[in-house]
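Descriptive structure summary
Chain residues, written in single-letter form:
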Amino acid sequence: CPFCRHPVPATDAEADANIMKRVEANDQVALEVMGLRQCEKGDYGSALEYLTEAAGLGDVEALYYLSLMYKKGEGVEKDEKKGNYHAEEAAIAG
């Protein structure tokens, strides 16, 4: 990888291990990636935790995905107000 100067992972397990290292270091992009992976698996509770953490660190895409979760009621109680709040925060952040 040109950014971390490590070889590109050969397997999904290696890629997951690398992402988890970044999650443990509070890397906002890694937190967002883990949140999206949890959404794909249907584990919305974990997804909410990862995305909330990433959003708190300033990840704009995490804010957007949180807005979708609240608007659709995926893993959380459907809440248009919170959905709009996170969408506005994402728009303001750019």
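Starting afresh in each chain, residues are numbered from 1 along the sequence in its written order. Side-chain atom pairs in this predicted model are given and counted only at pLDDT of 80 or more, local residue features only at pLDDT of at least 70, and totals for whole chains, interfaces and linings cover all residues. The basis for every side-chain value is the complete set of non-hydrogen atoms in the structure, without hydrogens or water.

Let us look at the overall build of the protein chain. By definition, any uninterrupted DSSP run of H or I lasting at least four residues is a helix, any uninterrupted run of E lasting at least two residues is a strand, and each is numbered from the N terminus. What the protein chain contains, in helices and strands, is five helices and zero strands. Considered along the principal axes of its C-alpha atoms, the protein chain spans approximately 45 × 30 × 15 Å. Counting over 94 residues, the protein chain shows a buried share of 27%. Methods summary: accessible areas were calculated by the Shrake-Rupley approach with a probe of 1.4 Å, and residue burial reflects only the protein chains presented. With the model as given, the accessible surface of the protein chain reaches about 6200 Å², and the carbon-plus-sulfur share is 52%. As used throughout, the charge tally considers Lys and Arg to be positive and Asp and Glu to be negative, leaving His and the chain termini uncounted. Note on charges: their place is set at NZ of Lys, CZ of Arg, CG of Asp or CD of Glu. For the protein chain, the distance from the average position of its 10 positive side-chain charges to the average position of its 18 negative side-chain charges is 1 Å. Three exposure classes are used, based on accessible area relative to the maximum for each residue type with a 1.4 Å probe and protein chains only: buried under 20%, partly exposed in between, and exposed over 50%.

This part covers the confidence of the model for the protein chain. Summing up the model confidence of the protein chain, the mean pLDDT is 91 and the portion of residues at 70 or higher is 96%. Of all helices and strands in the protein chain, the one with the weakest mean pLDDT is helix α1 (residues 12-24) (89), whereas helix α4 (residues 60-72) scores best (96). The pLDDT value tells you how sure the predictor is about a given residue, anywhere from 0 up to 100.

This next bit is on the side chain of Glu 32. In this fold, Glu 32 is placed in helix α2 (residues 28-41). For the buried Glu 32, no salt bridge is present, and the opposite-charge side chain at shortest range is Arg 37, 11 Å distant. Note on definitions: a residue-residue contact is assigned when non-hydrogen atoms from the two residues lie within 4.5 Å. Non-local contacts of Glu 32, meaning those with residues more than four positions away in its chain, are made with Leu 51, Ala 54, Asp 59, Glu 61, Ala 62 and Tyr 65. Salt bridges are defined as contacts in which a side-chain nitrogen from Lys or Arg sits within 4 Å of a carboxyl oxygen from Asp or Glu.

Core analysis: the largest hydrophobic core is formed by 15 residues, its most contacted members being Ile 19, Val 23, Leu 51, Ala 55, Ala 62 and Met 69. Mapped by element, the contributors of at least two residues to this core are α1, α2, α3 (44-56) and α4. Residue contacts for Val 23: discarding those within four places in its chain leaves Ala 30, Leu 31, Met 34 and Tyr 50. Nine residue types can take part in a nonpolar core, namely buried Ala, Val, Leu, Ile, Met, Phe, Trp, Tyr and Cys, and a core is a set of them joined through side-chain atoms within 4.5 Å.

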